[in-house]
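Residue-level listing of the chains:
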Amino acid sequence: MKIALPVLFGLLPPLLAWAQQADVASFTPQGEVRRIQQVAIAFNRDMVRLGQGDAPAPITIQCPQGGAETPKGRWLDTRRYVLEWARDLPIGTRCTVTLNPGAKTLDGADVRAAGPWTFTTGGPKLMQSLPYNGESNLREQPVFLLRPDAQPDLNSVDRHLTCQVEGAQPQRMQRLSRDDGLREMRQRSPQFQEAQWDAQGWLAYRCERAFPNSAKVRLVWSASIAALSGVASRAEQIFNYSVRAPFTLNVTCGVMEDNAGCDPRTGAGFGLTWPVAPAEFAKIKVTTANGQTIAQLPFNHNNAAGNHATKPFESLQEGGKFTVTLSEPLHDTDGRILANVREFPKTFTVARLPPYLGFVPQAGVLPLADKERAQLIIAARYAETKLV
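The rules we used
Each residue is numbered by its place in its chain's sequence as written, counting from 1. Two thresholds apply to this predicted model, a pLDDT of at least 70 for residue-level local features and 80 or more for giving and counting side-chain atom pairs, whereas whole-chain, interface and lining totals are computed over all residues. As a convention, hydrogens and water are excluded, and side-chain values are obtained from all of the structure's heavy atoms. Here the rule is simple: two strands pair whenever DSSP picks up at least two bridges between them. Helix numbering and strand numbering both begin at the N terminus, where a helix is a DSSP run of H or I of at least 4 residues and a strand a DSSP run of E of at least 2. By definition, a salt bridge exists where a carboxyl oxygen of Asp or Glu is found within 4 Å of a side-chain nitrogen of Lys or Arg. Each residue's exposure class comes from its accessible area (1.4 Å probe, protein chains only) as a fraction of the maximum for that residue type: buried when under 20%, exposed when over 50%, partly exposed otherwise.

(A) Spatial organisation of the sheet that holds strand S2 (residues 31-32). The strand order across the open sheet built from 4 strands is S2-S8-S7-S4, with neighbouring strands paired in mixed fashion. With partners counted over all chains shown, the strands left at the sheet margins are S2 and strand S4 (59-65), one partner each. Bridge analysis of strand S7 (residues 94-99) against strand S8 (residues 117-120) gives 4 bridges, and the strand direction is antiparallel. When the sheet's bridge partners are listed, Val97 is paired in S8 with Trp117.

Here it is in structure tokens:
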């Protein structure tokens with residue numbers, strides 16, 4: 001045991017030196033962070049005396065991209081130092097922080113070399129897009145109105161903004177003039193002011209080629225789109241859309257189980273996949289088998305996606321037929337011609353209802369007085385006379 005003690009005491013100086021090694025405990029922010037107003041570094045040893053907030057800074061910061069203001073530095077306590085800006089750093093800022101050479105702890109120990117640390121606020125991102133993400137009735141060659149959260153390098157946008165039909169190669173987008181963009185915006189929002197276009201930083205783009213109907217489409221704001229400072233982002237933004245269906249006229253009617261033809265108790269529905277002017281319905285003619293023309297269809301614009309009209313079968317007999325013809329091709333409000341015009345004239349059969357005998361449902365309670373008979377209504381259809 002007496003021999004081991006000198007060996008143990010001989011190991012203490014290196015152990016104590018290791019335990020006293022000063023180091024950087026943490027540093028924030030790092031990488032891409034959208035909103036930055038403070039840089040903070042912490043050490044594992046006391047660096048200054050308590051209350052010495054104006055002691056010399058242990059770090060140096062440089063922001064060559066983005067033109068950020070000079071931050072103010074202070075010690076929060078004996079181990080934590082911060083650099084603070086009066087407001088968030090602008091988008092497109094990149095900064096590098098280095099530990100000052102010869103940095104020492106309060107008791108004179110050298111701080112282990114660390115860093116440098118780099119962070120960025122990233123490149124411009126879209127904060128608003130028109131049509132909205134998820135639009136399910138996208139036109140075939142729409143104008144996209146885009147509002148980034150910072151001024152981008154327009155040449156960068158021209159190179160890297162793409163649109164893509166599902167299953168196809170991405171295609172470049174064409175930047176439109178300010179006047180074209182304003183015209184499109186005012187079609188969407190008539191109260192939009194010209195000054196808002198520049199103040200809010202709107203851009204207008206259109207894909208080089210038209211989209212096919214009913215296709216899935218996406219607009220990609222690439223991660224390579226940079227700010228004026230040249231700073232870009234790590235991740236792209238993707239906006240998904242569905243192109244509207246072809247402009248068609250669909251004639252429908254109710255059907256009965258095990259009975260071909262239209263249910264005569266209902267009517268025929270005339271649905272269009274996109275809005276039309278009221279006068280367009282006058283082009284739809286409905287005639288009976290003997291050539292009788294049924295009155296013009298009523299116009300009903302029931303939603304933003306299309307029009308619908310219903311014609312009851314009042315003048316049609318069971319087992320009869322009616323034919324739908326078009327006096328002229330229909331056009332929607334965008335000028336598209338009916339895609340299924342070759343389906344017309346189209347003839348439909350009205351079904352014959354099966355025999356029926358039963359009670360007619362009556363609401364409420366029927367009072368029954370003494371010596372009076374209860375009366376119930378019976379409905380009969382195609383029933384033998386003796387049953388009735």
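(B) Representation of the pattern of salt bridges. Counting across every chain of the model gives 23 salt bridges. The closest approach of N and O atoms between Arg35 and Asp88, which form a salt bridge, is 2.9 Å. Of this pair, Arg35 sits in the loop between S2 and strand S3 (38-43) while Asp88 sits in the loop between strand S6 (80-84) and S7, and the two are 53 residues apart along the sequence. Here Lys346 and Glu343 are joined by a salt bridge, their closest N and O atoms 3.7 Å apart. For Lys346, a relative accessible area of 30% puts it in the partly exposed group. A relative accessible area of 41% places Glu343 in the partly exposed class. Members of the salt-bridge network, linked through shared partners, are Arg139, Glu140, Arg244, Asp332, Asp334 and Arg336.

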